[in-house]
Amino acid sequence: MSMDESQKLLGPDALQRFHAMRSDAVSAVTARFYATPGSAYERFGPRGREACQEDLAFHLEFLRPALEFGLLQPMVEYLIWLGSVLAARAVPTEHLALSLEWLAEFFVSHMNAEDGALVSARLHAARIKFLNAGSTPAQPPVPPDAWPETAEFEAALLAGNQREALSVLTRCLDRGHSLVQAELHIIQPALYHIGAQWQANQVSVAQEHMATAIAQSVMTVGLLRSVLPAPVNKRVLLACVEGNNHTVGLRMVADAFELAGWDVQYLGANVPTVALVKQAAEWKPDLVGLSVSFAQQMSAVRAAITQLDERLGDARPAVMIGGLAINRFRPLAGVAGADGYSEDAQAAVDNAGQVVRK
């Protein structure tokens with residue numbers, strides 16, 4: 001692919017057509033995998049077919065940033081991650097590269113020549129980079145430096161021992177550490193490591209979900225124990241963008257702003273763009289903070305900023321973005337028109353003064 005070709009993007013109408021075809025593409029490629037009598041995939045039964053469809057749907061979700069923003073690396077890293085997850089569970093990974101070929105063939109035959117060629121080119125480029133990576137394991141995100149208490153806290157989470165997890169946090173607070181410091185250097189590294197263990201099939205989905213739930217409960221108790229400072233007469237509205245259900249990091253950001261004296265409205269997971277814009281218009285925050293876990297959610301960020309501009313004009317609050325997607329793919333920070341970004345909760349507060357419009 002030439003440099004000019006790599007910079008081509010699908011326009012809004014073509015993106016809509018691409019999304020309208022996704023379900024048919026998934027069905028068509030799944031059918032090809034199971035078309036041969038006695039196919040090796042039949043041994044996985046009905047659940048295998050469902051898993052195949054789910055994986056193909058995610059392929060196309062992760063393809064979106066390459067088509068809309070010209071960023072291919074998020075999809076490549078997703079494929080590497082998926083390959084490592086499947087390999088850890090003794091599931092063949094040979095079909096990953098083949099599925100990209102077949103998806104490319106589908107879109108070439110169902111879109112107009114120019115758009116189909118662009119989608120095909122992105123899929124082939126992702127396939128080549130994925131194959132060149134070989135057996136390179138997917139690298140987990142790099143958390144802040146872990147304190148010695150992290151291992152004990154992680155063990156409590158995996159054991160389902162909320163009392164012990166709270167005890168670890170309480171001891172840190174009693175020694176004079178702030179809740180934000182404990183969240184960054186104990187809770188976040190522990191959860192990152194548990195996520196890496198799930199990827200390697202060393203902990204179950206149930207354990208990972210339990211760990212997240214306990215961590216959130218402990219954080220709430222930690223905030224209730226903390227002494228709130230005098231208000232600084234600044235407002236921040238925090239939300240996970242539409243499609244993002246990962247809230248722990250944003251909850252840490254909310255705690256950091258609370259403990260810096262800001263008035264905080266925390267909207268939580270998967271906030272519809274229309275509702276987010278309405279709340280911002282009514283509450284009039286100085287800053288809107290948006291959390292993004294995956295690169296394809298940048299479309300929701302762009303939509304939110306566009307709608308805030310249209311509704312509020314010069315009165316639009318500043319918008320800061322952050323989350324796993326931004327930390328892993330820093331170029332994403334500049335594609336949607338946000339006023340700034342932050343890599344963690346403390347940085348969000350530290351950077352707010354530079355981002356908030358005067």
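Details of the structure are given in the entry above.
Only a predicted model underlies this, so the values are computations on that prediction, with no experimental measurement involved.

Q: Requested: an account of the overall build of the protein, with residues and values cited.
A: Regarding its fold elements, the protein presents 15 helices and 5 strands. In terms of overall size, the protein behaves like a compact globule, its C-alpha atoms giving a radius of gyration of 22 Å where 358 residues would be expected to give roughly 21 Å. Structurally, the protein occupies a C-alpha span of about 65 × 50 × 35 Å along its principal axes. The buried share of the protein, reckoned over its 358 residues, is 47%. At a minimum sequence separation of 6, the contacts of the protein that also span at least 24 residues come to 74%. Of the accessible surface of the protein, which amounts to about 16,800 Å², a share of 54% is contributed by carbon and sulfur atoms. Charge separation in the protein, taken as the distance between the mean sites of 28 positive and 37 negative side-chain charges, equals 2 Å.

Q: Give a description of the environment of R330 that names residues and reports values.
A: Within the fold, R330 resides in the loop between helix 14 (324-328) and strand 5 (340-342). With a relative accessible area of 35%, R330 lands in the partly exposed category. Between the C-alpha atoms of R330 and P189, which are 141 residues apart in sequence, the distance is 20 Å. In this view, R330 contacts Y341 and E343; residues no more than four positions away in its chain are not counted. Side-chain polar atoms of R330 contact the side chain of Y341, separated by 3.4 Å.

Q: Outline the sheet that holds strand 4 (residues 318-322), listing residues and values.
A: The 5 strands are arranged 2-1-3-4-5 in an open sheet whose pairing can be described as parallel. On the outer flanks of this sheet lie strand 2 (263-266) and strand 5, each paired with one strand and no other. The sheet shows a mean angle of 25° between the axes of neighbouring strands, taken without regard to direction. Pairing geometry for strand 1 (residues 235-240) and strand 2, over 4 bridges, is parallel.

Q: Go over the pattern of salt bridges, please, and point to the residues and values.
A: Under the defined criterion, the tally for this structure stands at 16 salt bridges. Residues D174 and R225 are paired through a salt bridge, measuring 2.7 Å at the closest nitrogen-oxygen approach. Here D174 is found in helix 8 (residues 162-174), whereas its partner R225 is found in helix 10 (residues 205-225), with 51 residues between them in sequence. Here D174 falls in the exposed class, since its relative accessible area comes to 54%.

Q: Would you mind going over the pairing of strand 1 in detail, with residue names and values included?
A: Most of strand 1 is tucked away: 5 of the 6 residues are buried. Tracing the backbone out of strand 1, into helix 11 (residues 248-258) and back to the parallel element strand 2 gives a crossover that is right-handed. Here 5 bridges tie strand 1 to strand 3 (residues 287-291), and the two strands are oriented parallel to one another. Note on strand 3: the bridge partner recorded for L237 is V288.

Q: Please set out helix 13 (residues 298-312) residue by residue, giving values where relevant.
A: Between its first and last C-alpha, helix 13 extends 21 Å over 15 residues, near the 21 Å set by a 1.5 Å rise per residue. Within helix 13 the residues assigned to the buried category are M298, S299, A300, V301, A304, I305 and L308. Residues of helix 13 that are buried make contact with helix 3 (45-68), helix 12 (273-283), strand 3, strand 4 and helix 14. Looking one or two residues beyond helix 13, the residue adopting positive phi is G313, at roughly 60°.

Q: Run through unusual backbone geometry, naming residues and quoting values.
A: One non-glycine residue, N201, lies in positive phi territory at about 65°. Assignment of secondary structure puts N201 in the loop between helix 9 (179-199) and helix 10. One non-glycine residue with positive phi stands out, namely K284, at about 60°. Residue position: K284 is located in the loop between helix 12 and strand 3.

Q: Which residues make up the packing of helix 3 against helix 6 (residues 113-133), and what are the values?
A: Axis separation between helix 3 and helix 6 bottoms out at 10 Å; the angle between their running directions is 115°. The interaxial crossing formed by helix 3 with helix 6 has right-handed handedness. Contacts between helix 3 and helix 6 pair L63, A66 and L67 from the former with L118, V119, R122 and L123 from the latter. For the contact of helix 3 with helix 6, the class distribution of residues is 6 nonpolar, no polar and 1 charged.

Q: Any details on the packing of helix 8 against helix 10? Residues and values, ideally.
A: Two elements in contact, helix 8 and helix 10, have axes separated by 10 Å at closest approach and are oriented at 35°. Seen from above, helix 8 lies across helix 10 with right-handed handedness. Two secondary-structure elements touch here, helix 8 through Q162, A165, L166, L169, T170, L173 and D174 and helix 10 through I214, S217, V218, V221, G222 and R225. Looking at side-chain class alone, the contact of helix 8 with helix 10 contains 7 nonpolar, 4 polar and 2 charged residues.

Cut-offs used in this document
- Residues numbered from 1 in each chain as written.
- Predicted model: local features only at pLDDT ≥ 70, side-chain atom pairs only at ≥ 80, totals over all residues.
- Heavy atoms only, no water.
- Helix = DSSP H or I, 4+ residues; strand = E, 2+ residues; numbered from the N terminus.
- Rg over C-alpha atoms; globule rule 2.2 N^0.38 Å.
- Buried < 20%, exposed > 50% of the residue type's maximum accessible area, 1.4 Å probe, protein only.
- Contact = heavy atoms within 4.5 Å.
- Areas by Shrake-Rupley, 256 points an atom, 1.4 Å probe, with all protein chains shown as cover.
- Lys, Arg positive; Asp, Glu negative; His and termini not counted.
- Charge placed at Lys NZ, Arg CZ, Asp CG, Glu CD.
- Polar contact = N/O pair within 3.5 Å; in protein donor to acceptor, adjacent residues only side chain to side chain.
- Pairing = 2+ DSSP bridges.
- Axes fitted to C-alpha atoms, helices over the stretch in contact; angles between N-to-C directions.
- Salt bridge = Lys/Arg side-chain N within 4 Å of Asp/Glu carboxyl O.
- Right-handed = clockwise from strand over helix to strand, strands pointing away.
- Expected span 1.5 Å × (residues − 1).
- Left-handed = near helix turned anticlockwise from the far one by under 90°.
- Nonpolar A, V, L, I, M, F, W, Y, C, P; charged D, E, K, R; others polar.

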